[in-house]
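Coordinates in review
These are the residues of each chain, in order.
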Amino acid sequence: MSWEILRPAMDSDSSEFCRQIAALKHDLGKYVAWMSANLDDACWRGPVRDELIDALGRDLLRTRTPAEGPPEPAWALWDRLSAALPQPWTEPELHEVHAAIAVLRAVEPALRSRDAAALADQRDGVRAAQRTVRAALQQLHRRLLQAET
């Protein structure tokens, strides 16, 4: 007998919500810091180098690049995927991600203009926001999976 048979049945709303969070975790949580997370800590200190600007541009301005159509920045991806979630949000992790995305959205003008001085002022907040997005979505997804079993 399969262990699947022994698991309690999960209602379709919960299952769909878990699927939506898994998509958010993958499409946003994974790629919001894909390149910049691998940079040496020295890139995050001192004068802002092109390497950091390029990595943040890739991570934040082109978080998702579909086969057709323009790339989606992190905040547009969040807006699109979170709009499909049941409202109002009862999970604290979603509120954490929402606040972190606001921090990331605020850096858009500096990234687009490659303004190193503005990025120097914002980079600690950007790094913290990236980590929050990743950690909160991982935590929420893990919690939902545990509730399924």
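Reference entry: report on the structure contained in this document. Since the structure is predicted, the reported quantities are computational estimates derived from the model, not experimental observations. One numbering rule holds for all chains: residues counted from 1, following each sequence as written. Side-chain atom pairs in this predicted model are given and counted only at pLDDT of 80 or more, local residue features only at pLDDT of at least 70, and totals for whole chains, interfaces and linings cover all residues. Hydrogens and water are ignored here; the side-chain numbers use all heavy atoms of the structure.

1. Points about the overall build of the protein
Counting from the N terminus, the helices are DSSP H or I runs at least four residues long and the strands are E runs at least two residues long. For the protein, the helix and strand inventory stands at seven helices and zero strands. Secondary structure of the protein in N-to-C order comes out as α-α-α-α-α-α-α. Across its three principal axes, the protein shows a C-alpha extent of roughly 60 × 30 × 30 Å. Accessible areas in this description were obtained via Shrake-Rupley with a 1.4 Å probe; residue shielding takes into account the shown protein chains only. Put simply, the protein shows about 8,400 Å² of open surface, and 54% of that area lies on carbon and sulfur atoms.

2. A short note on helix H4 (residues 74-83)
Taken as a whole, H4 has its buried residues at Ala74, Trp75, Leu77, Trp78, Leu81 and Ser82. End-on, the buried residues of H4 take up no more than an arc of 155°, which puts them together on one face. The rule is simple: take the accessible area with a 1.4 Å probe, protein chains only, and divide by the maximum for that residue type; under 20% is buried, over 50% is exposed, in between is partly exposed. Arc, as used here, means the arc of the directions from the helix axis to the C-beta atoms.

3. Some remarks on unusual backbone geometry
Following Gln87, the chain continues into Pro88 via a peptide bond in cis, with omega recorded as -10°. Here Pro88 lies in the loop between H4 and helix H5 (92-106). With a phi angle near 55°, Arg114 is a residue other than glycine that sits in the positive phi range. Note on placement: Arg114 falls in the loop between helix H6 (108-113) and helix H7 (116-148). Of the residues examined, Arg114 reaches a relative accessible area of 38% and is grouped as partly exposed.

4. Concerning the nonpolar core
For this analysis, a nonpolar core means a set of buried residues of the types Ala, Val, Leu, Ile, Met, Phe, Trp, Tyr and Cys, connected via side-chain atoms within 4.5 Å. The biggest cluster of nonpolar side chains holds 40 residues, and the ones touching the most others in it are Leu28, Leu60, Leu104 and Val133. Taken together, the elements giving at least two residues each to this core come down to helix H2 (12-30), helix H3 (50-61), H4, H5, H6 and H7. Among the elements that make up this core, the one with the highest residue count is H7 (eight residues).

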